[in-house]
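Inside the fold
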Amino acid sequence: RLKLAELLLGVRAGEAWGAYPLERLGRSGPVVNEALGGVPLSVWFLASERSAAAYDRRLGERTLTFALRDGRVTDAETGSTWSPEGEAQEGPLKGQRLRRPEQLLTEWYGWFAHHPGTTIWEP
């Protein structure tokens, strides 16, 4: 389904497992908003580090929607800007931190061996 050594971010959300191939994340844009296992997620591709991170988009009673604007990740609901570590740096949510679901940066062959029923993200 993927090349054996393809790098991906493997994520567990709810009872579901998802694979987010770094190459696809890089091509489609650095910020993806979606749901996995009923959990609203945002996956951020960090091009300078050739890495990625996933965050639960729920913060209190809100579900945030993220995008890259002027080189920074912001949420559409408040306009707050966020660090690659998932902490609001500026705006109304400054100091708030997003929760990170269980995740691992790995290669496809290792991920699939342990999670054969995983969902592979497509842009």
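Before reading on, note that the structure itself is shown above.
Residues numbered from 1 in each chain as written. Predicted model: local features only at pLDDT ≥ 70, side-chain atom pairs only at ≥ 80, totals over all residues. Heavy atoms only, no water.

Next up on the list: the overall build of the protein chain. Each helix and strand counted, the protein chain has 2 helices and 13 strands in total. Along the longest, intermediate and shortest principal axes, the C-alpha atoms of the protein chain span 45 × 30 × 20 Å. By sequence separation, contacts in the protein chain at least 24 residues apart represent 47% of the contacts at least 6 residues apart. A total accessible area of about 6,600 Å² is found for the protein chain, and carbon and sulfur atoms account for 49% of it. Averaged over its 15 positive side-chain charges, the protein chain has a centre that lies 1 Å from the centre of its 16 negative ones. (Helix = DSSP H or I, 4+ residues; strand = E, 2+ residues; numbered from the N terminus. Contact = heavy atoms within 4.5 Å. Areas by Shrake-Rupley, 256 points an atom, 1.4 Å probe, with all protein chains shown as cover. Lys, Arg positive; Asp, Glu negative; His and termini not counted. Charge placed at Lys NZ, Arg CZ, Asp CG, Glu CD.)

With that out of the way, let us pick up the pattern of salt bridges. Enumeration according to the criterion identifies 8 salt bridges in this entry. Put simply, Arg99 and Asp56 hold a salt bridge, and the shortest N to O gap is 3.1 Å. Taken together, the positions of Arg99 in the loop between strand E11 (88-90) and strand E12 (102-107) and Asp56 in strand E5 (residues 51-56) put the pair 43 residues apart, joining distant regions of the chain. Of the residues examined, Arg99 reaches a relative accessible area of 46% and is grouped as partly exposed. A salt bridge links Glu90 to Arg72; the nearest nitrogen and oxygen atoms lie 3.4 Å apart. On the criterion of sequence distance, the pair formed by Glu90 in strand E11 and Arg72 in strand E9 (residues 72-75) is long-range, its members being 18 residues apart. Taking relative accessible area as the criterion, Glu90 reaches 41% and is therefore assigned partly exposed. Of the residues examined, Arg72 reaches a relative accessible area of 35% and is grouped as partly exposed. One connected set of salt bridges, linked through shared partners, spans Arg12, Glu15 and Glu102. (Salt bridge = Lys/Arg side-chain N within 4 Å of Asp/Glu carboxyl O. Buried < 20%, exposed > 50% of the residue type's maximum accessible area, 1.4 Å probe, protein only.)

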